[in-house]
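# Structural overview
Residues per chain are reported as follows:
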Amino acid sequence: MAQNTVEKTSRTPLTLLGLGAMGTALARTWLAAGHPTTVWNRTAARAEPPAAQGAGVAATAAEAVAANRLVVVCLLDDASVDEALSGVDLSGKDVVNLVTSTPGQARARAEWARERGARYLDGGIMAVPPMIGVPAAGGYVFYSGSAELFEEHRETLAVPAGTTYVGADAGFAALYDVALLSAMYGMFAGLTHAFALLRKEALPPTAAAPLLSGWVGAMAQSAQRSAEQLESGDYVTGVVSNLAMQVAGTPTFLRTAEEQGVSPELLTPFFELMRRRLEEGGGEEDLTGLVDLLRR
């Protein structure tokens, strides 16, 4: 028992600002792992669950920041960080910002922290609150910014979820975060259209679900091939289903949507990009060339 007590008290202490669903999950996990944790939230009642678990509760953000060197921020948005930390002394602090932001906001926040004498690490959480503290769930956090800060606190940061450091540029974590979520929403758009097509028929959605998830999962493997094509600049070698053939097939998708009484609005923007790339001479490519089209 004495040995266990020593192990727990030797864990890195930290401050956590923000106790929404994600912040509460983070606090619970760090406390369960034995990290002395000071919390602050604008709505004081939200601090009651972590307090019952042993957290120290600060009356103000400044008091919370003063309590520990490592300060984790999990507030609503970038503006909330300004509001909470305006005038707060950050000298000598290690600030880990888990607020969802844009790459530009993250870079500006890194400079803001540097000017106030703090080291800075930006984070993009690739998990939902129930995944926090559950290694088997597969959640992780992208981190970018101070490599020294990351290495020093890697073990502590890995308690709630896996860690993936993506570079010294503070904007990279946010960029990866939004890129992956953008791919997710594209997938959701496809699933939405697919279920809409099936909806008016006597086809149970639960029967279609495993077919859809299996197919989408298999097609997602093309990400590696697209990445290799983008790096090499060769979009045609080894292509099986070229763009010309795919564009020729798009009227079938639109006609099926019409027959099923489904709006094609989730498909038509992508089909329009395909048509434009074909007109520019990309008929022998697959879909990778659309990346360049979007960047213009």
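Above this note sits the structure.
### What to know about the overall build of the protein chain
In terms of regular secondary structure, the protein chain is built from 13 helices and eight strands. Taken over C-alpha atoms, the radius of gyration comes to 24 Å for the protein chain, far larger than the 19 Å a tight globule of 296 residues would show. Once the C-alpha set of the protein chain is aligned to its principal axes, its extents read approximately 70 × 45 × 35 Å. In the protein chain, buried positions account for 39% of the 296 residues. Partitioning the intrachain contacts of the protein chain with sequence separation of at least 6 by distance along the chain shows that 61% fall at a separation of at least 24.

### Here we look at the pattern of salt bridges
Between side chains of opposite charge, a pair can form as their charged atoms come close. Per the counting criterion, the structure on display carries 16 salt bridges. Measuring nitrogen to oxygen at the nearest pair gives 3.1 Å for the salt bridge that ties arginine 69 to aspartate 94. With arginine 69 in the loop between helix H4 (61–67) and strand E4 (70–73) and aspartate 94 in strand E5 (residues 94–97), this residue pair connects regions lying 25 residues apart in the sequence. Overall, arginine 69 belongs to the partly exposed group, its relative accessible area being 39%. Here arginine 275 ties to glutamate 272 by a salt bridge, and the two come within 2.3 Å at their closest N and O atoms. Taken together, the residues arginine 275 and glutamate 272, both in helix H12 (residues 268–279) and three residues apart, mark about one turn of the helix. In the salt-bridge network here, residues are joined through shared partners; they are Arg69, Asp94, Arg119 and Glu152.

### What about the sheet that holds strand E1 (residues 14–17)?
Sheet architecture is open: eight strands sit in the order E3-E2-E1-E4-E5-E6-E7-E8, paired in mixed fashion. With partners counted over all chains shown, the strands left at the sheet margins are strand E3 (56–57) and strand E8 (162–165), one partner each. Sheet topology note: the strand E2 (residues 37–40)/E3 ladder contains two bridges and is parallel. The residue bridging threonine 38 from the neighbouring strand is glycine 56, located in E3. Across the sheet, helix H8 (residues 172–199) lies against strand E6 (119–126) and strand E7 (140–145), angled at about 10 degrees from E6, the strand it touches most.

### What to know about the side chain of threonine 288
Looking at where threonine 288 falls in the secondary structure, it is placed in the loop between H12 and helix H13 (289–294). Under the relative-accessibility criterion, threonine 288 is labelled buried at 3%. In contact with threonine 288, other than residues within four places in its own chain, are Ser226, Gln229, Leu230 and Tyr235.

### Considerations on the packing of aromatic side chains
Counted by the stated rule, this structure contains six aromatic pairs. Seen in terms of ring centroids, tyrosine 185 and phenylalanine 188 are 6.0 Å apart; in terms of plane orientation they differ by 75 degrees. Their pairing is edge-to-face. Taken together, the positions of tyrosine 185 and phenylalanine 188, both in helix H8 and three residues apart, correspond to about one turn of that helix. What makes tyrosine 185 exposed here is its relative accessible area of 54%.

### Describing the packing of H8 against helix H9 (residues 205–219)
One way to put it is that H8 packs onto H9 with a least axis distance of 11 Å and a crossing angle of 145 degrees. Once H8 is placed against H9, the crossing between them reads as right-handed. Note on element contacts: H9 touches H8 through Pro205, Ala208, Ala209, Leu212 and Val216, opposite Met187, Leu191, Ala194, Phe195, Leu198 and Arg199. Of the residues contributing to the contact of H8 with H9, the split by class is ten nonpolar, no polar and one charged.

### Quick notes on H8
For H8, with 28 residues, the first-to-last C-alpha span of 40 Å sits near the 40 Å given by 1.5 Å per residue. In this structure, the buried side of H8 is in contact with helix H6 (103–115), E6, E7, H9 and helix H11 (243–260).

### Here's the deal with a nonpolar patch on the surface
On the surface, Phe172, Leu175, Tyr176 and Leu180 cluster together to form a nonpolar patch covering roughly 340 Å² of accessible area. Assignment of secondary structure puts tyrosine 176 in helix H8. Of the residues examined, tyrosine 176 reaches a relative accessible area of 41% and is grouped as partly exposed.

### So, the nonpolar core
In this structure, Leu16, Leu26, Val96, Leu98 and Tyr143 are the most contacted members of the largest nonpolar core, which totals 27 residues. Taken together, the elements giving at least two residues each to this core come down to E1, helix H2 (21–32), E4, E6, E7 and helix H7 (147–157). Element by element, the count of residues in this core is highest for H2, at six residues. Counting 22 residues, the second largest nonpolar core, distinct from the first, contains Leu17, Val95, Trp112 and Ala113.

Definitions and limits used
- Residues numbered from 1 in each chain as written.
- Predicted model: local features only at pLDDT ≥ 70, side-chain atom pairs only at ≥ 80, totals over all residues.
- Heavy atoms only, no water.
- Helix = DSSP H or I, 4+ residues; strand = E, 2+ residues; numbered from the N terminus.
- Rg over C-alpha atoms; globule rule 2.2 N^0.38 Å.
- Buried < 20%, exposed > 50% of the residue type's maximum accessible area, 1.4 Å probe, protein only.
- Contact = heavy atoms within 4.5 Å.
- Salt bridge = Lys/Arg side-chain N within 4 Å of Asp/Glu carboxyl O.
- Pairing = 2+ DSSP bridges.
- Axes fitted to C-alpha atoms, helices over the stretch in contact; angles between N-to-C directions.
- Phe/Tyr/Trp six-rings, centres within 6.5 Å; stacked < 30°, edge-to-face > 60°.
- Left-handed = near helix turned anticlockwise from the far one by under 90°.
- Nonpolar A, V, L, I, M, F, W, Y, C, P; charged D, E, K, R; others polar.
- Expected span 1.5 Å × (residues − 1).
- Patch = residues over 30% accessible without salt bridge, like charges linked within 9 Å, V, L, I, M, F, W, Y side chains within 5 Å.
- Areas by Shrake-Rupley, 256 points an atom, 1.4 Å probe, with all protein chains shown as cover.
- Core = buried A, V, L, I, M, F, W, Y, C linked by side-chain atoms within 4.5 Å.

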